[in-house]
Amino acid sequence: MLTSAYGTLIPDLVQHLSPRPLHLVDVADIQLKKAFEKVGNKERMLLLRMNAEQLAIQSNSISTLLIFFLLHELPEDARRRALSEAMRVVPVGGRVLCAEYNNKPTRSFLTRFNLSRKVLTKLEPFLESFWQNDLIALLNDAAAAHGKLVQLRSKTEVFSDFYQVCEFEVIEN
């Protein structure tokens with residue numbers, strides 16, 4: 001999992017993955033510490049403090065990778081490097097799950113009105129550039145460098161299309 005998460009997502013994932021450990025990657029020590037404190041069985045969790053743009057993880061070794069609200073936090077160049085690393089570590093036949101802002105949502109009250117949209121993009125300075133990108137195209141650009149492609153398996157929109165949860169399958173190029 002790239003980036004930590006608030007709430008019960010991490011303890012729920014650890015429980016679901018049992019007996020395999022959850023590998024949690026985050027650049028911030030505090031996020032890793034908070035996640036670790038939430039999990040009852042610490043042996044089921046491996047904390048990895050590293051930057052998503054340069055993962056010290058063996059190529060093709062992660063069967064399922066969850067990218068959790070990371071991409072909109074990164075400038076465009078960093079976003080592309082992080083996605084390239086994601087595609088490097090996930091093998092053909094693997095999956096990439098991505099929870100993120102939807103592509104320029106229009107039904108949500110936070111994006112429907114100019115004032116709320118301006119406040120949101122002020123608080124999230126790289127969100128506007130994220131909205132300018134097509135997530136599938138970004139992933140396929142990153143995958144192509146590793147001889148792979150991604151195929152969208154499912155997409156769920158939540159909170160009046162404000163967020164999206166996408167499942168991609170990694171396939172041969």
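Just above, that's the structure.
Note that the structure is predicted; figures quoted are calculated from it, not measured.

A.B. asks: Would you mind showing me how to read the sheet that holds strand β6 (residues 163-172) here?
C.D. replies: Hydrogen bonding along the main chain pairs the strands of a sheet, whether they run parallel or antiparallel. Strands sit in the order β3-β4-β6-β5 across an open sheet of four strands; the sheet is mixed. Both outer strands of the open sheet, β3 (64-68) and β5 (148-158), are each paired with one neighbouring strand and no more. Adjacent strand axes in the sheet meet at a mean angle of 20° when their direction is disregarded. Relative to β6, β5 runs antiparallel, the two being bridged by 10 bridges. The residue of β6 that forms the bridge with Thr 156 is Val 165. On top of the sheet, helix α7 (residues 135-144) reaches β4 (95-101), β5 and β6; it is set at about 155° to β5, its chief contact.

A.B. asks: Where do I start with the environment of Phe 126 in this structure?
C.D. replies: One can find Phe 126 in the loop between α5 (114-123) and α6 (127-131). Assessed through its relative accessible area of 30%, Phe 126 is described here as partly exposed. Residues Phe 126 and Pro 75, spaced 51 residues apart in sequence, show a C-alpha to C-alpha distance of 5.7 Å. What Phe 126 contacts, discounting residues up to four positions off in sequence, is His 72, Glu 73, Leu 74, Pro 75 and Arg 79.

A.B. asks: Mind showing me how you'd approach the packing of helix α3 (residues 76-89) against α7 here?
C.D. replies: Packed helices, taken two at a time, are described by their axes: the angle between them and the distance between them. It is at 8 Å that the axes of α3 and α7 come closest, and there the two elements cross at 60°. The angle between α3 and α7 falls in the class oblique. Between α3 and α7 lies a crossing of right-handed hand. Here Arg 79, Arg 80, Leu 83, Ser 84 and Met 87 of α3 lie close against α7, whose contacting residues are Leu 138, Leu 139, Asp 141, Ala 142 and Ala 143. For the contact of α3 with α7, the per-class residue count stands at six nonpolar, one polar and three charged.

A.B. asks: Can you walk me through the pairing of β3 in this structure?
C.D. replies: Consecutive residues of a regular strand have side chains that alternate between opposite faces of the sheet. Most of β3 is tucked away, with four of its five residues classed as buried. By the bridge criterion, five bridges tie β3 to β4 in an arrangement that is parallel. Looking at the pairing, Ile 67 lines up with Cys 98 of β4. Crossover handedness for the path β3 to α3 to β4: right-handed.

A.B. asks: Even after reading the chapter, I still don't get a nonpolar patch on the surface, so can you show me in this structure?
C.D. replies: On the surface, Leu 115, Val 119 and Leu 123 cluster together into a nonpolar patch covering about 340 Å² of accessible area. For Leu 123, the position within the fold is in helix α5. Residue classification places Leu 123 among the exposed positions, given a relative accessible area of 65%.

A.B. asks: Would you mind showing me how to read the pattern of salt bridges here?
C.D. replies: For side chains of opposite charge, pairing can occur when their charged atoms come near one another. Taken as a whole and judged by the stated rule, the model has nine salt bridges. We note a salt bridge from Arg 80 to Asp 141, for which the minimum N-O separation is 3.8 Å. Of this pair, Arg 80 sits in helix α3 while Asp 141 sits in helix α7, and the two are 61 residues apart along the sequence. For Arg 80, a relative accessible area of 34% gives the class partly exposed. Residue Asp 141 is classed as exposed on the basis of its relative accessible area of 52%. For Arg 88, the salt bridge goes to Glu 85, with nearest N and O atoms at 2.9 Å. With Arg 88 and Glu 85 both in helix α3 and three residues apart, the pair spans about one turn of that helix. For the pair Arg 88 and Glu 85, one class covers both residues: buried.

Parameters and conventions
Residues numbered from 1 in each chain as written. Predicted model: local features only at pLDDT ≥ 70, side-chain atom pairs only at ≥ 80, totals over all residues. Heavy atoms only, no water. Pairing = 2+ DSSP bridges. Helix = DSSP H or I, 4+ residues; strand = E, 2+ residues; numbered from the N terminus. Axes fitted to C-alpha atoms, helices over the stretch in contact; angles between N-to-C directions. Contact = heavy atoms within 4.5 Å. Buried < 20%, exposed > 50% of the residue type's maximum accessible area, 1.4 Å probe, protein only. Parallel < 35°, antiparallel > 145°, perpendicular 65-115°, else oblique. Left-handed = near helix turned anticlockwise from the far one by under 90°. Nonpolar A, V, L, I, M, F, W, Y, C, P; charged D, E, K, R; others polar. Right-handed = clockwise from strand over helix to strand, strands pointing away. Patch = residues over 30% accessible without salt bridge, like charges linked within 9 Å, V, L, I, M, F, W, Y side chains within 5 Å. Areas by Shrake-Rupley, 256 points an atom, 1.4 Å probe, with all protein chains shown as cover. Salt bridge = Lys/Arg side-chain N within 4 Å of Asp/Glu carboxyl O.

Distances and angles like these do not, on their own, reveal function.
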